[in-house]
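Per-entry structural report
Residues per chain, in single letters:
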Amino acid sequence: GAGVSQTPSNKVTEKGKYVELRCDPISGHTALYWYRQSLGQGPEFLIYFQGTGAADDSGLPNDRFFAVRPEGSVSTLKIQRTERGDSAVYLCASSSSGRTGSGANVLTFGAGSRLTVL
Amino acid sequence: AQKVTQAQTEISVVEKEDVTLDCVYETRDTTYYLFWYKQPPSGELVFLIRRNSFDEQNEISGRYSWNFQKSTSSFNFTITASQVVDSAVYFCALSEALTGRRALTFGSGTRLQVQP
């Protein structure tokens, strides 16, 4: 697609429920990132995919968080047993390049999925 | 560990004033990239600039200019003749250039309000 698409744009859920957030990156972008942004803060890294594999998942806060990208395109961030502290905007970004070059690490972000846990 | 500090939480200026947003970073890497992103009220982060650590030349793009000083670990952003449409939150970010960890580390952002 023309840009990074994230669904849903808004999700309200109850504490303890399971949530899935979807990201459709720019067509052809091999790198995909998930970030979390709390109110008044900068985006915080969660996980990075290169193709189908998670190249860096060091930002996932605990084992309730999991992400997949089975075909190297669309990715789903899954949160189990949601807690009120999980409330935030979850941002997805994609990038076309490898490690160096003019596009290196230039991320294009989606509009985010706002998650509210009651 | 990498760290980006944006000490200015919020700045308010009147239209046509010049404004500088400060960014100070910490990294042990010798090769890295620095970025600025804009987050308007709509929420979507917009890429503004990427700077390689080997390139200390200042850059100008229209009303925007960036001053990279490796000696002070700073990468400041100046908007000349600010406009109401410049109102947004601006984020400075840092990433490694050559190692496997490619995630951006963001600062906490500076909210810029440009009053008409």
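Residues numbered from 1 in each chain as written. Chains lettered and ligands numbered in written order. Predicted model: local features only at pLDDT ≥ 70, side-chain atom pairs only at ≥ 80, totals over all residues. Heavy atoms only, no water.

1. A few points about the overall build of chain A
Looking only at helices and strands, chain A has zero helices and eleven strands in total. Ordering the α and β elements of chain A from the N terminus gives β-β-β-β-β-β-β-β-β-β-β. Computed over the C-alpha atoms, the radius of gyration of chain A is 14 Å, within 12% of the 13 Å expected from 2.2 N^0.38 for a compact globule of 118 residues. Counting only C-alpha atoms, chain A reaches 45 × 25 × 25 Å along its principal axes. Out of the 118 residues belonging to chain A, those deemed buried represent 47%. Contacts in chain A between residues at least 24 apart in sequence constitute 54% of all its contacts with a sequence separation of at least 6. On chain A, roughly 5,400 Å² of surface is accessible, and the fraction owed to carbon and sulfur atoms is 47%. Seen as two clouds, the 12 positive and the 10 negative side-chain charges of chain A have centres 4 Å apart. (Helix = DSSP H or I, 4+ residues; strand = E, 2+ residues; numbered from the N terminus. Rg over C-alpha atoms; globule rule 2.2 N^0.38 Å. Buried < 20%, exposed > 50% of the residue type's maximum accessible area, 1.4 Å probe, protein only. Contact = heavy atoms within 4.5 Å. Areas by Shrake-Rupley, 256 points an atom, 1.4 Å probe, with all protein chains shown as cover. Lys, Arg positive; Asp, Glu negative; His and termini not counted. Charge placed at Lys NZ, Arg CZ, Asp CG, Glu CD.)

2. Brief notes about the packing of aromatic side chains
For the structure shown, the criterion picks out 21 aromatic pairs over all chains. Seen in terms of ring centroids, Tyr 33 of chain A and Tyr 48 of chain A are 4.8 Å apart; in terms of plane orientation they differ by 15 degrees. Their pairing is stacked. Placement of the pair is Tyr 33 of chain A in strand S4 (residues 31–37) and Tyr 48 of chain A in strand S5 (residues 44–50), with a sequence separation of 15 residues. Assessed through its relative accessible area of 3%, Tyr 48 of chain A is described here as buried. Between the aromatic rings of Trp 36 of chain B and Phe 77 of chain B, the centroid separation amounts to 5.3 Å while the plane-to-plane angle is 50 degrees, which identifies the pairing as tilted. Linking Trp 36 of chain B in strand S5 (residues 32–39) with Phe 77 of chain B in strand S9 (residues 74–79), this pair joins segments that are 41 residues apart in sequence. (Phe/Tyr/Trp six-rings, centres within 6.5 Å; stacked < 30°, edge-to-face > 60°.)

3. Quick word on the pairing of S5 of chain B
Residue and element names in this part refer to chain B. Of all eight residues that make up S5, eight are buried, and the element is covered over most of its length. Bridging between S5 and strand S10 (residues 88–96) involves eight bridges; their strand directions are antiparallel. In the strand pairing of S10, Leu 34 is matched with Leu 94. Sheet topology note: the S5/strand S6 (residues 46–52) ladder contains six bridges and is antiparallel. Each bridged residue has a counterpart across the sheet, and for Lys 38 the counterpart in S6 is Val 46. (Pairing = 2+ DSSP bridges.)

4. Focus: the confidence of the model for chain B
Considering every residue of chain B, the mean pLDDT works out to 92; 96% of them sit at 70 or more. Mean pLDDT per element in chain B: strand S7 (residues 59–61) of chain B is the minimum at 88, and strand S3 (residues 19–21) of chain B is the maximum at 98. (pLDDT = per-residue confidence, 0-100.)

5. Notes on the sheet that holds strand S3 (residues 19–24) of chain A
Residues and elements named next belong to chain A. Pairing is antiparallel across the open sheet formed by four strands, whose spatial order is S1-S3-S8-S7. Across the chains shown, the open sheet's two edge strands, defined by having one partner strand only, are strand S1 (5–7) and strand S7 (65–68). Each adjacent strand pair in this sheet contributes to an overall mean axis angle of 15 degrees, direction not counted. Here S1 pairs with S3 via three bridges, running antiparallel. When the sheet's bridge partners are listed, Thr 7 is paired in S3 with Arg 22. (Axes fitted to C-alpha atoms, helices over the stretch in contact; angles between N-to-C directions.)

6. What about the state of the cysteines?
Applying the stated rule across the entire model yields two disulfides over all chains. Sulfur-sulfur distance for the disulfide between Cys 23 of chain A and Cys 92 of chain A comes to 1.9 Å. On the sign convention where negative means left-handed, the S-S torsion of about -70 degrees between Cys 23 of chain A and Cys 92 of chain A marks this disulfide as left-handed. Note that Cys 23 of chain A is positioned in strand S3 and Cys 92 of chain A in strand S9 (residues 88–95), a separation of 69 residues in sequence. Two residues, Cys 23 of chain B and Cys 92 of chain B, share a disulfide whose sulfurs are 2.0 Å apart. Here the S-S torsion is close to -65 degrees, and the disulfide linking Cys 23 of chain B with Cys 92 of chain B is therefore left-handed. Of the two residues, Cys 23 of chain B is situated in the loop between S3 and strand S4 (24–26) and Cys 92 of chain B in strand S10; the sequence distance between them amounts to 69 residues. On the basis of relative accessible area, Cys 23 of chain B is assigned to the buried category, the value being 0%. On the basis of relative accessible area, Cys 92 of chain B is assigned to the buried category, the value being 1%. (Disulfide = S-S within 2.5 Å.)

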